[in-house]
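# Geometric and topological summary
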Amino acid sequence: WGRDLHTFDTMRQQRGDRAKLGVVILLAGTILNGCLKAEEFPDEPQIAFKSFEQFGDSASFTITFTDGDGDVGLDSYDNTAPFDTASPYYYNLFLEMDTVRNGVWGHVGFLEPLYYRIPRITPTGQNKALEGEIAVALTPWPYIDPPNPPWDTVRFTVRMVDRALHESNSVT
């Protein structure tokens, strides 16, 4: 009997030691996490091209972005100045298309501009810096690959604006 009690006490002690070790590891992880330097980015959004794909009558493009103060995107209720429909800031993501015709670049104006409202992205925690990707489905997509196009080169330029009206760099 004494031997069984000793085994039980040893098991209880081992479990207690494991629990203490787990608490120590958790505390160490929390302390070290608090010591890690938070990501810091400029308050102005910074974007970089990631991909563009065309699928017949639709397309998609993806950019990566950072924003230091985490104020990217708009909600549906963001519709008063400066985000009202008469304002250039009603949209916050802008895609422009240019072509080369006879060696000269020219802007292509569409009946409906390729402008979008990025939904509000709300960071959690104390660090409000954002880093991520934005993918936009372009449907319907203007047909830009006819058999005999009047241009020889096409380029797209993307830029975005945050809620503080900080404009990002342009990516071509």
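In short, a report on the structure. Given the structure is predicted, the values throughout are model-derived calculations rather than measurements.

## What to know about the side chain of Ser 168
On the secondary structure map, Ser 168 appears in the segment after strand 7 (153-160). Of the residues examined, Ser 168 reaches a relative accessible area of 7% and is grouped as buried. Other than its neighbours up to four places away in sequence, Ser 168 contacts Pro 45, Ile 47, Arg 159 and Met 160.

## Description of the nonpolar core
Nonpolar side chains tend toward joint burial in soluble globular proteins. Counting residues in hydrophobic clusters, the biggest one holds 21 residues, and the most contacted among them are Phe 61, Ile 63, Leu 93, Leu 95, Ile 134 and Met 160. Mapped by element, the contributors of at least two residues to this core are strand 2 (58-67), strand 3 (93-101), strand 6 (130-138) and strand 7.

## Some details on the sheet that holds strand 2
A sheet is described by the order of its strands in space; here three strands give the open sequence 1-2-6, paired in antiparallel fashion. The outermost strands of the open sheet, each flanked by one partner alone, are strand 1 (46-55) and strand 6. Geometrically, the sheet is characterised by an average inter-axis angle of 15° between neighbouring strands, direction not taken into account.

## Topic: the packing of aromatic side chains
Applying the stated criterion to the full structure yields four aromatic pairs. Taking the centre distance of 5.3 Å and the plane angle of 25° together, the rings of Phe 52 and Phe 156 count as stacked. With Phe 52 in strand 1 and Phe 156 in strand 7, the pair connects residues that are 104 residues apart, well separated along the chain. What makes Phe 156 buried here is its relative accessible area of 17%. A network of ring pairs unites the aromatic residues Tyr 90, Tyr 91, Phe 94 and Tyr 115 as a single cluster.

How each quantity is defined
- Note that residues are indexed from 1 along each chain, following the sequence as it is written.
- The model is predicted, so local features are restricted to residues of pLDDT at least 70 and side-chain atom pairs to those at 80 or more, both for listing and for counting; the totals for chains, interfaces and linings are taken over all residues.
- Values shown for side chains rest on all heavy atoms present in the structure; no hydrogens or waters enter the calculation.
- Secondary structure follows DSSP: runs of H or I at least 4 residues long count as helices, runs of E at least 2 residues long count as strands, and numbering of each begins at the N terminus.
- When a residue's accessible area, from a 1.4 Å probe over protein chains only, is under 20% of the maximum for its type it is buried; when over 50% it is exposed; and in between it is partly exposed.
- Note on definitions: a residue-residue contact is assigned when non-hydrogen atoms from the two residues lie within 4.5 Å.
- We call a set of buried Ala, Val, Leu, Ile, Met, Phe, Trp, Tyr and Cys residues a nonpolar core when their side-chain atoms join them within 4.5 Å.
- Should DSSP find at least two bridges between two strands, the strands are taken to pair.
- Angles here are taken between N-to-C directions and fall from 0 to 180 degrees, while the axes themselves are lines fitted to C-alpha atoms, restricted in helices to the stretch in contact.
- Pairing of aromatic rings covers Phe, Tyr and Trp, the last through its six-membered ring, and needs centres within 6.5 Å; plane angles under 30 degrees mean stacked, over 60 mean edge-to-face, and all others mean tilted.

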